[in-house]
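Listed here are the chains, written in short residue letters.
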Amino acid sequence: MKSYSQTKAMLAISKASLQSIMRSPSAVVFTLAFPLVFILVFGFIGSGNIELVVAVMPQTQTNNLFYQTLETDSNVIKLHKNYSTQQIKKELEKGTLDAALAIAENTDGTLQIQIQTSAASPDKGKLFGTIAGSIIDKINVSALQTKPAIQLSQTEVSGRPYKRIDFILPGQLGFSILSTGVFGVAFVFFNLRQTLVIKRFFATPIKRIYIILGEALARIVFALMGAAFIILIGWAAFGFTLINGLLTFLTMLLLAALGLIVFMGFGFIVSGVAKNESTIPPFANMITLPQFLLSGTFFSISALPVWLQPICKLLPLTFLNDALRLVAFDGASLIEVLPQITGLTIWGLLVYMGAARLFRWE
Amino acid sequence: MQSIISVTNLHKQYNNYHAVKGISFEVYQGEIFGLLGSNGAGKTTTLEIIETLRTKTSGTVLVDGLDVDNAADEIKKIIGVQLQAAGYYPNLNLSELLHLFAGLYNHQIDTHAILKSVNLHDRAKAKYKELSGGQKQRFSIATTLINKPKIIFLDEPTTGLDPQARRSLWDLIRDLRKQSVTVVLTTHYMDEAESLCDRVAIMEGGNIIALDTPQALIDQLLASGFDPRREVKKANLEDVFLKIAGHSIDAV
């Protein structure tokens, strides 16, 4: 008789597990739909441009050079004409309007321009004042036909534009990997144990470690398919930057795999600690939610309080997100993200030491 | 008769509960052997120790000459195990589940033939949870057939089944014996043991209190001057039910 192959048995589990995952709506929703929705949302609203909403007061004189320049020159300013004075006051207070503009012609033919800004939107109000001021200056200078004392010349260094998707996508990818790893593994091992599926496996010649490896392999394949899908959608539909093309894509997948292995360790711990099915989500959320907020998934860690930042920088998802962003946008190689890889690996060692103690078979 | 399972002075101690108290018995090749007893008598514990799923406290257990202490992996290759309560991988259909077990046993299988042998060939695309109680048990037995085992263990295979489904399962178990497979089963239905088993061991409180063929045990009782409380009629209510409700496998 042929010798028994543990690998063959392991692959049978991987295949079954993968078939099962693909047919489980929650796994597909968490791994694919959830991050995609965020990417779609940020992909559409996240052009990164500032927009100034300015109301034009009733009885404003619009037949003048200032107004026409304002209307045509700037794609930042959106002028709205049909507001009543009362409405303008209300909207300014709420901050939905950034400023209001009134233009009146003096009896000598000069223009009187009035700008009203709001404490609810101070930055944008100031910006509008600056833009209006520079237009006025230009018109005044040409009207006086004098030589200006100072001339400004501004040039732009050509660079890769850092789009919002370049920040959002790696964060979403990292978070998708985190939740697939933690929730997926926690539920699957808890359920296999609870429904005695695993006990039936024990009655076959497969060794226990190969059961784990088989399940883990299925999760990795599924999550990487998800990751590839997310990256490709981001790249094709929203111009996500893959600086070195295919190499960058593959490096990202490799990092995703490393992250997933670490995060699955948390899943093994949760499946061991949870007493019943309803305690899995709270345990798993305790691991995923803080990282969702603190690991630069939606906004940069630098936006957080200074005292919190050192802690954030040590979270495993931060290491993964940072590495993904460095690789995707800056074209960093695996060696250049070694600090992040090391951080993740240390987390991996700690987590699996805990998992070895807490994981239960029965 | 050649022995295929040999249990000697087996003990199992859970913390402060002595579940199995030094039992010894042999199972012969090709027979249907029944472990009888009420809940908590130690049947399942004994079975799972022989199946290498549970460790023993002391004693010797040999399965086809292999010791459970050092040849558990070899034993698993030659036995088929149906657990009292087993689950199967969610979201997979019967045919896919059989393929999974084929991989786990490293055996090539013809899923259709296996499903046909347990009368489930028309449910190949069904999910396990969609099956009726009797079909579930028959499928569990199908998973034990994949590695063409020498011994099949069935833990309360007919508990909770209706009379027709039980009859259909008995036929299946008798078919296995015809293929010279040894069957070890537990049950607490005495009619089942009487009609199905070649020999039975009756367990009580972790001990074997009787071991013989069902007929020999009945004869011993009668010889001791047993007087049934009422006259036994030539048929019972189950016979009535089966006669009027039909004994059809396809119906279950």
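Residues numbered from 1 in each chain as written. Chains lettered and ligands numbered in written order. Predicted model: local features only at pLDDT ≥ 70, side-chain atom pairs only at ≥ 80, totals over all residues.

**Regarding the overall build of chain B**
For step 1, the next point in the chain: Scanning chain B from terminus to terminus reveals 9 helices and 10 strands.
For step 2, the next point in the chain: For 252 residues, the compact-globule estimate of 2.2 N^0.38 gives 18 Å, and chain B sits close to it at 19 Å.
For step 3, the next point in the chain: Expressed along its principal axes, the backbone C-alpha trace of chain B runs to roughly 55 × 55 × 35 Å.
For step 4, the next point in the chain: For chain B, buried positions account for 41% of its 252 residues.
For step 5, the next point in the chain: Pairs at least 24 apart in sequence give 68% of the contacts found in chain B among residues at least 6 apart. (Helix = DSSP H or I, 4+ residues; strand = E, 2+ residues; numbered from the N terminus. Rg over C-alpha atoms; globule rule 2.2 N^0.38 Å. Buried ≥ 20, exposed ≤ 12 C-beta atoms within 10 Å, placed from the backbone. Contact = placed C-beta atoms within 7 Å.)

**Digging into the confidence of the model for chain A**
For step 1, the next point in the chain: Residues of chain A with pLDDT of at least 70 account for 96%, and the chain-wide mean is 84.
For step 2, the next point in the chain: Element-level pLDDT for chain A is lowest in helix 2 (residues 25-45) of chain A, with a mean of 75, against a maximum mean of 91 in helix 1 (residues 6-22) of chain A. (pLDDT = per-residue confidence, 0-100.)

**Concerning the sheet that holds strand 2 (residues 17-28) of chain B**
Residues and elements named next belong to chain B.
For step 1, the next point in the chain: The 4 strands are arranged 2-1-4-5 in an open sheet whose pairing can be described as antiparallel. Either end of the sheet is taken by a strand with one partner, and the two such strands are strand 2 and strand 5 (66-67).
For step 2, the next point in the chain: Pairing geometry for strand 1 (residues 3-14) and strand 2, over 9 bridges, is antiparallel. What sits directly across from H11, in strand 2, is K21. (Pairing = 2+ DSSP bridges.)

**Remarks on the interface of chain A and chain B**
For step 1, the next point in the chain: Facing the 22 residues of chain A at the interface are 22 residues of chain B.
For step 2, the next point in the chain: Those elements that place two or more of their residues in the side of chain A that touches chain B are helix 1 and helix 7 (197-202) of chain A.
For step 3, the next point in the chain: The greatest single-element share of the side of chain A that touches chain B, amounting to 7 residues, is contributed by helix 1 of chain A.
For step 4, the next point in the chain: Tallied by class, residues from the side of chain A that touches chain B come to 12 nonpolar, 6 polar and 4 charged. (Nonpolar A, V, L, I, M, F, W, Y, C, P; charged D, E, K, R; others polar.)

**Concerning helix 6 (residues 163-178) of chain B**
All names here are of chain B.
For step 1, the next point in the chain: Counted at 1.5 Å a residue, the expected span for helix 6 with its 16 residues is 22 Å, and the 23 Å between its end C-alpha atoms agrees.
For step 2, the next point in the chain: Taken together, the buried positions of helix 6 are A165, R166, R167, S168, L169, I173 and L176.
For step 3, the next point in the chain: Turning to helix 6, the residues buried within the fold contact strand 3 (32-36), helix 5 (133-145), strand 7 (151-155), strand 8 (182-187) and helix 7 (190-196).
For step 4, the next point in the chain: Following helix 6 by one or two positions, S180 has its phi on the positive side, about 55 degrees. (Expected span 1.5 Å × (residues − 1).)

**Structural notes on unusual backbone geometry**
What you tend to see is this: most non-glycine residues have negative phi, and most peptide bonds are trans.
Residues and elements named next belong to chain B.
For step 1, the next point in the chain: Positive phi values are uncommon outside glycine, yet N91 reaches one of about 70 degrees.
For step 2, the next point in the chain: Relative to the assigned elements, N91 resides in the loop between strand 6 (79-82) and helix 3 (94-105).
For step 3, the next point in the chain: Of the residues examined, N91 has 18 C-beta atoms within 10 Å and is grouped as partly exposed.
For step 4, the next point in the chain: One non-glycine residue, K148, adopts positive backbone phi at about 45 degrees.

**Structural notes on the sheet that holds strand 3 (residues 99-105) of chain A**
Sheet strands pair via backbone hydrogen bonds, and the direction of the pair is either parallel or antiparallel.
All names here are of chain A.
For step 1, the next point in the chain: Read across the open sheet, the 4 strands follow the order 2-1-3-4; overall the sheet is mixed. The open sheet terminates on both sides in strands that have one partner only, identified here as strand 2 (77-80) and strand 4 (111-117). If you compare each strand with its neighbour and ignore which way they point, the axes differ by 25 degrees on average.
For step 2, the next point in the chain: Relative to strand 3, strand 1 (residues 52-56) runs parallel, the two sharing 3 bridges. Looking across to strand 3, one finds that V56 is bridged to L101.
For step 3, the next point in the chain: Running at roughly 120 degrees to strand 2, helix 3 (residues 65-73) makes contact with strand 2, strand 3 and strand 4 of the sheet. (Axes fitted to C-alpha atoms, helices over the stretch in contact; angles between N-to-C directions.)

**As for the packing of helix 5 of chain B against helix 6 of chain B**
Residue and element names in this part refer to chain B.
For step 1, the next point in the chain: Relative to each other, helix 5 and helix 6 sit at 15 degrees, their axes nearing to 9 Å. By the angle between their axes, helix 5 is roughly parallel relative to helix 6. Read as a crossing pair, helix 5 and helix 6 show a hand that is right-handed. Residues G133, G134, Q137, R138 and I141 of helix 5 form the contact with helix 6, whose own contacting residues are A165, S168, L169 and L172. (Parallel < 35°, antiparallel > 145°, perpendicular 65-115°, else oblique. Left-handed = near helix turned anticlockwise from the far one by under 90°.)

**As for the nonpolar core**
For step 1, the next point in the chain: A142 and V183 of chain B are the most contacted members of the largest nonpolar core, which totals 76 residues.
For step 2, the next point in the chain: Here this core gets 7 residues from one element, more than from any other, and that element is helix 3 of chain B.
For step 3, the next point in the chain: Leave out the neighbours within four places in its chain, and V183 of chain B touches I32, I152, L154, I173, L176 and R177 of chain B.
For step 4, the next point in the chain: Core analysis: the second largest hydrophobic core is formed by 60 residues, L173, F189, F240 and L320 of chain A among them. (Core = buried A, V, L, I, M, F, W, Y, C linked by C-beta atoms within 7 Å.)

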